[in-house]
Amino acid sequence: MHVGFIGLGVMGLPMALRLASAGTPLVVWNRTPERTRPLRAAGAEVAADAEEVFARAETVLLMLADEAAVDAVLGRGTPRLAVRVAGRTVVHMGTTSPEYSHALETDVRAAGGRYVEAPVSGSRVPAERGQLVAMLAGEEAAVASVRPLLAPMCRETFECGAAPGALLMKLSVNLFLITLVTGLAEAFHFAERQGLDRRLFLDVLEAGPMASGVSRMKAPKLRERDFGVQAAALDVLKNNRLIAEAARRAGLASPLLDVCHTLFEETVAQGYGGEDMVAVLRAIETRTAEAP
């Protein structure tokens, strides 16, 4: 049987291409048909609709934007859910609320399917290079069957127990990422507005203990004002909201995250939601310009 892949956005397309390039027998579908062209060229088969993917694949990977998109593809809440998932493994790779994923697992299993959470850490460039980090949760046998399929896309995979353990892990990682990149953008803004040489500032950063894979990826984008998307500001805002909601439900404070949440709201409101997350620099610059 083929492996199915649905959702060929900024992350999904390079992920699916990694699978196709590794020789995985792949059948794909995307709501916007032109996104499937690189997959067809790479040897994947293109389905006419989501239903055909489920008909032809034993395991279906979903890399979709939000909960509504997942429900629509699965036919959740209708008899189509059982038709699509019975006897198959559904792998939810997008980022949604943990509560949603837990409820989705219940529905998929009740319809005769198996369910695995497999969100990934990393943006477009790591996806293109097969350097994502996957977090898996679900029934042990289902996780064991899915883990080898992810190898072409991921340099490491971690088992996180029962669902929604993987999504909670992903949100924890993303909390650090969001605050890290926002801090880098603010530090860059401070150095630049103090008249320091931007390149020298970033060289000093690179030589010190704060250097990381994230800073090495994002610092050149700040230096060149390159806002081409790797992880879109709008997606970061969505992640920020999911983390904040999870924190509130657990009675947890998230003071740094809350400041970042406001800054990304401002970034999106200014029209930069489709740019890379380093565009949070624009919101910081706007605040400086408006300061008394």
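If you're wondering where the values come from, they're calculated on a predicted model, not measured in any experiment.

1. Some words on unusual backbone geometry
Link 1 in the chain: Geometrically, the link from Ala163 to Pro164 is a cis peptide bond, its omega value of 10° lying close to zero.
Link 2 in the chain: Within the element layout of this structure, Pro164 appears in the loop between strand S9 (154-159) and helix H9 (165-193).

2. Focus on the UniProt feature "domain: 3-hydroxyisobutyrate dehydrogenase-like NAD-binding" (unreviewed entry) in the protein chain
Link 1 in the chain: UniProt's feature table lists "domain: 3-hydroxyisobutyrate dehydrogenase-like NAD-binding" (unreviewed entry) at residues 169-283, given in the numbering used throughout.
Link 2 in the chain: The straight-line gap between the two end C-alpha atoms of residues 169-283 is 28 Å; of that span, 75% is helix and 0% is strand.

3. Notes on the nonpolar core
Link 1 in the chain: One finds Ile178, Ala185, Phe188, Leu202, Leu222, Phe264 and Leu281 to be the most contacted residues of the largest nonpolar core, which totals 31 residues.
Link 2 in the chain: Beyond its immediate chain neighbours, meaning those up to four positions away, Leu202 contacts Phe188, Ala219 and Arg223.

4. A closer look at the side chain of Thr89
Link 1 in the chain: Along the polypeptide, Thr89 turns up in strand S5 (residues 89-92).
Link 2 in the chain: A distance of 3.2 Å separates polar atoms of two side chains, one belonging to Thr89 and the other to Arg114.
Link 3 in the chain: Apart from the residues lying within four places of it in its own chain, the contact partners of Thr89 are Glu58, Thr59, Val60, Arg114, Val116 and Val146.

5. A look at the UniProt feature "domain: 6-phosphogluconate dehydrogenase NADP-binding" (unreviewed entry) in the protein chain
Link 1 in the chain: In this structure's numbering, the residues bearing the UniProt feature "domain: 6-phosphogluconate dehydrogenase NADP-binding" (unreviewed entry) are residues 3-158.
Link 2 in the chain: In the segment residues 3-158, helix accounts for 40% and strand for 24%; the C-alpha atoms at its two ends are 21 Å apart.

6. A look at the environment of Val259
Link 1 in the chain: Mapped onto the elements, Val259 comes out in helix H13 (residues 255-272).
Link 2 in the chain: Assessed through its relative accessible area of 48%, Val259 is described here as partly exposed.
Link 3 in the chain: Sequence spacing of Val259 and Val146 is 113 residues, and the spatial spacing of their C-alpha atoms is 37 Å.

7. Description of H9
Link 1 in the chain: The terminal C-alpha atoms of H9 lie 42 Å apart, and with 29 residues this matches the ideal 42 Å at 1.5 Å per residue to within 8%.
Link 2 in the chain: Directly beyond the C-terminal end of H9, a positive phi value near 85° is found at Gly195.

8. Here's the deal with the environment of Leu281
Link 1 in the chain: Residue position: Leu281 is located in helix H14 (residues 280-290).
Link 2 in the chain: Among the residues examined, Leu281 registers a relative accessible area of 0% and is labelled buried.
Link 3 in the chain: Sequence separation between Leu281 and Ala269 is 12 residues, and the spatial gap between their C-alpha atoms is 14 Å.

9. Concerning the side chain of His189
Link 1 in the chain: One can find His189 in helix H9.
Link 2 in the chain: Exposure remark for His189: the relative accessible area of 7% places this residue in the buried category.
Link 3 in the chain: Setting aside chain neighbours within four positions, we find His189 in contact with Leu281, Ile284, Glu285 and Thr288.

10. Observations regarding helix H11 (residues 213-224)
The α-helix advances 3.6 residues per turn, and as a result positions three or four apart in sequence lie on the same side.
Link 1 in the chain: The set of residues buried in H11 consists of Ser215, Lys218, Ala219, Lys221 and Leu222. Summarising the axial view, the buried residues of H11 lie within an arc of 170°, below the 170-degree limit, and thus occupy one face.
Link 2 in the chain: Its buried side turned inward, H11 meets H9, helix H10 (198-207) and H14.
Link 3 in the chain: Just beyond H11, the residue with positive phi is Arg225, at close to 50°.

11. Describing the pattern of salt bridges
Link 1 in the chain: Counted according to the given criterion, the structure contains 21 salt bridges.
Link 2 in the chain: In this structure, Glu52 engages Arg56 in a salt bridge whose closest nitrogen and oxygen atoms are separated by 3.2 Å. You can see Glu52 and its partner Arg56 sitting in helix H3 (residues 50-56), 4 residues apart, about one turn around the helix.
Link 3 in the chain: Among the residues examined, Arg56 registers a relative accessible area of 24% and is labelled partly exposed.
Link 4 in the chain: Where Glu206 meets Arg216, a salt bridge forms, and the shortest distance between an N and an O atom there is 2.8 Å. Residue Glu206 is found in helix H10, and its partner Arg216 is found in helix H11; the two are separated by 10 residues along the sequence.

12. Description of the packing of aromatic side chains
Link 1 in the chain: Taken as a whole and assessed by the stated rule, the structure comprises 0 aromatic pairs.
Link 2 in the chain: In this structure, Arg282 packs its charged tip against the face of Tyr272, placed 4.2 Å from the ring centre.

Criteria and cut-off values
Residues numbered from 1 in each chain as written. Predicted model: local features only at pLDDT ≥ 70, side-chain atom pairs only at ≥ 80, totals over all residues. Heavy atoms only, no water. Helix = DSSP H or I, 4+ residues; strand = E, 2+ residues; numbered from the N terminus. UniProt positions renumbered as here; feature names shortened; annotations may be inferred. Core = buried A, V, L, I, M, F, W, Y, C linked by side-chain atoms within 4.5 Å. Buried < 20%, exposed > 50% of the residue type's maximum accessible area, 1.4 Å probe, protein only. Contact = heavy atoms within 4.5 Å. Polar contact = N/O pair within 3.5 Å; in protein donor to acceptor, adjacent residues only side chain to side chain. Expected span 1.5 Å × (residues − 1). Arc of directions from axis to C-beta. Salt bridge = Lys/Arg side-chain N within 4 Å of Asp/Glu carboxyl O. Phe/Tyr/Trp six-rings, centres within 6.5 Å; stacked < 30°, edge-to-face > 60°. Lys NZ or Arg CZ within 6 Å of the ring centre and 35° of its normal.

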